[in-house]
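# Architecture at a glance
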Amino acid sequence: MANLVIGLTGGIGSGKSAACRFFADKGIDIVDADIIARQVVAPGSQALKQISQRFSASIITSTGELDRQQLRNIVFKDVKQKEWLNQLLHPLIRQEMSSAVNACQSTYCILAIPLLIENELFDLVNRVAVIDCEVEQQKQRALLRDNSDATVIQAIIDSQVSREVRLKHANDIIDNSKDLDYLAQQISKMHEFYLSLV
Ligand SMILES: CC(C)(COP(=O)(O)OP(=O)(O)OC[C@H]1O[C@@H](n2cnc3c(N)ncnc32)[C@H](O)[C@@H]1O)[C@@H](O)C(=O)NCCC(=O)NCCS
Ligand SMILES: Nc1ncnc2c1ncn2[C@@H]1O[C@H](COP(=O)(O)OP(=O)(O)OP(=O)(O)O)[C@@H](O)[C@H]1O
């Protein structure tokens, strides 16, 4: 197990995955909650079966996979459905994250969790690092990346804590308001700092 677990968080489109790639380039083990969230609904899983029973069989594609776009459009338009999904998936995701962190080998590791603050997962990490940019940049980046309309992206932002609240919980702030080269520089500095702590 790594000596130091850094919880990396940030709103949709803030740059968590981009930041993780730069940490991984330095040999740091990454545990990514979004990847685990996909594994727990893999084809044939119990959770996927429960999702199709609640919504409709058409939420599973012909190849047996979850139609994520369809579920995204349902849950971010209806808070009750989102709560149901969260209650089903969050305990499973939490359990898998714990095991994955225990298996980390690098000097320190990164646990990237979009909802670290919302779900008060502070006991899983030693420090909280927030990847930060303007909300407008978040929206633009998420819109460019995802096949979602602006209303859905806004609904996701509204379901997460505000930038101000997130920053209040930060031990470390990673500025992602400029280009990716600038982000890489920020990560290099943060990497040196984390190495100095272990
Ligand atoms: C609704 C789903 C199927 C949509 O899938 P899709 O591939 O379109 O999006 P993806 O999973 O890549 O999530 C994109 C971003 O949306 C945000 N987001 C996802 N789920 C949630 C949620 N329940 N509450 C708030 N924000 C969320 C996060 O910022 C995340 O990084 C998926 O997000 C999901 O299963 N969500 C529930 C599990 C969850 O909470 N995952 C995120 C934290 S572990
Ligand atoms: N500094 C940057 N300049 C330009 N594009 C960026 C920058 N940082 C990230 N991006 C791009 O913005 C999009 C969102 O970034 P990324 O996927 O890393 O965010 P995320 O926080 O992981 O999002 P989510 O919470 O939705 O999973 C991606 O297409 C990414 O390549």
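Residues numbered from 1 in each chain as written. Chains lettered and ligands numbered in written order. Predicted model: local features only at pLDDT ≥ 70, side-chain atom pairs only at ≥ 80, totals over all residues. Heavy atoms only, no water.

The chain goes by Dephospho-CoA kinase in an unreviewed UniProt entry, where it is assigned to Saccharobesus litoralis. Regarding the chain, the UniProt comment filed under Subcellular location (unreviewed entry) reads as follows: "Cytoplasm". (UniProt positions renumbered as here; feature names shortened; annotations may be inferred.)

## Topic: the site of ligand 2
The environment of ligand 2 is made up of 15 residues, and the closest members are Lys-16, Ser-17, Arg-145, Asn-176 and Lys-178. With respect to ligand 2, the backbone of Lys-178 contributes an N or O atom lying 2.7 Å from a nitrogen atom. Protein burial of ligand 2: of its 630 Å² of free accessible surface, 79% is covered by the chains. At the level of secondary structure, the elements contributing two or more residues to the shell around ligand 2 comprise helix H1 (16-25) and helix H6 (135-145). Sort the elements by how many residues they give to the shell around ligand 2 and H1 lands first, with 3 residues. (Near = heavy atom within 4 Å. Polar contact = N/O pair within 3.5 Å; in protein donor to acceptor, adjacent residues only side chain to side chain. Areas by Shrake-Rupley, 256 points an atom, 1.4 Å probe, with all protein chains shown as cover. Helix = DSSP H or I, 4+ residues; strand = E, 2+ residues; numbered from the N terminus.)

## With respect to the pattern of salt bridges
Across all of its chains, the model carries 9 salt bridges by this definition. Residue Arg-145 is joined to Asp-146 by a salt bridge in which the shortest nitrogen-to-oxygen separation is 2.7 Å. Of the charged contacts, one joins Asp-175 and Lys-178 as a salt bridge, the two residues approaching to 3.7 Å between their closest N and O atoms. On the basis of relative accessible area, Asp-175 is assigned to the partly exposed category, the value being 22%. Given a relative accessible area of 45%, Lys-178 falls into the partly exposed group. (Salt bridge = Lys/Arg side-chain N within 4 Å of Asp/Glu carboxyl O. Buried < 20%, exposed > 50% of the residue type's maximum accessible area, 1.4 Å probe, protein only.)

## Section: the nonpolar core
Ile-51, Leu-71, Leu-89, Ile-93, Met-97 and Leu-111 are the most contacted members of the largest nonpolar core, which has 32 residues in total. For this core, the secondary-structure elements that each account for two or more residues are helix H2 (33-39), helix H3 (46-54), helix H4 (68-75), helix H5 (79-102), strand E3 (108-112) and strand E4 (127-132). The leading source of residues in this core is H5, at 6 residues. Those residues in contact with Met-97, other than ones at most four positions away along the chain, are Val-31, Ala-33, Ile-36, Leu-111, Ile-113, Leu-121 and Leu-124. Formed by 18 residues, the second largest nonpolar core is a distinct cluster that contains Ile-6, Leu-8, Cys-20 and Ile-187. (Core = buried A, V, L, I, M, F, W, Y, C linked by side-chain atoms within 4.5 Å. Contact = heavy atoms within 4.5 Å.)

## Notes on the packing of H3 against H5
The geometry of H3 relative to H5 is characterised by a closest axis approach of 11 Å and an angle of 170° between their N-to-C directions. By the angle class used here, H3 and H5 are roughly antiparallel. Side by side, H3 and H5 meet where Ala-47, Gln-50, Ile-51 and Arg-54 of the first sit next to Gln-81, Trp-84, Leu-85, Leu-88, Leu-89 and Leu-92 of the second. Residues that form the contact of H3 with H5 fall into these classes: 7 nonpolar, 2 polar and 1 charged. (Axes fitted to C-alpha atoms, helices over the stretch in contact; angles between N-to-C directions. Parallel < 35°, antiparallel > 145°, perpendicular 65-115°, else oblique. Nonpolar A, V, L, I, M, F, W, Y, C, P; charged D, E, K, R; others polar.)

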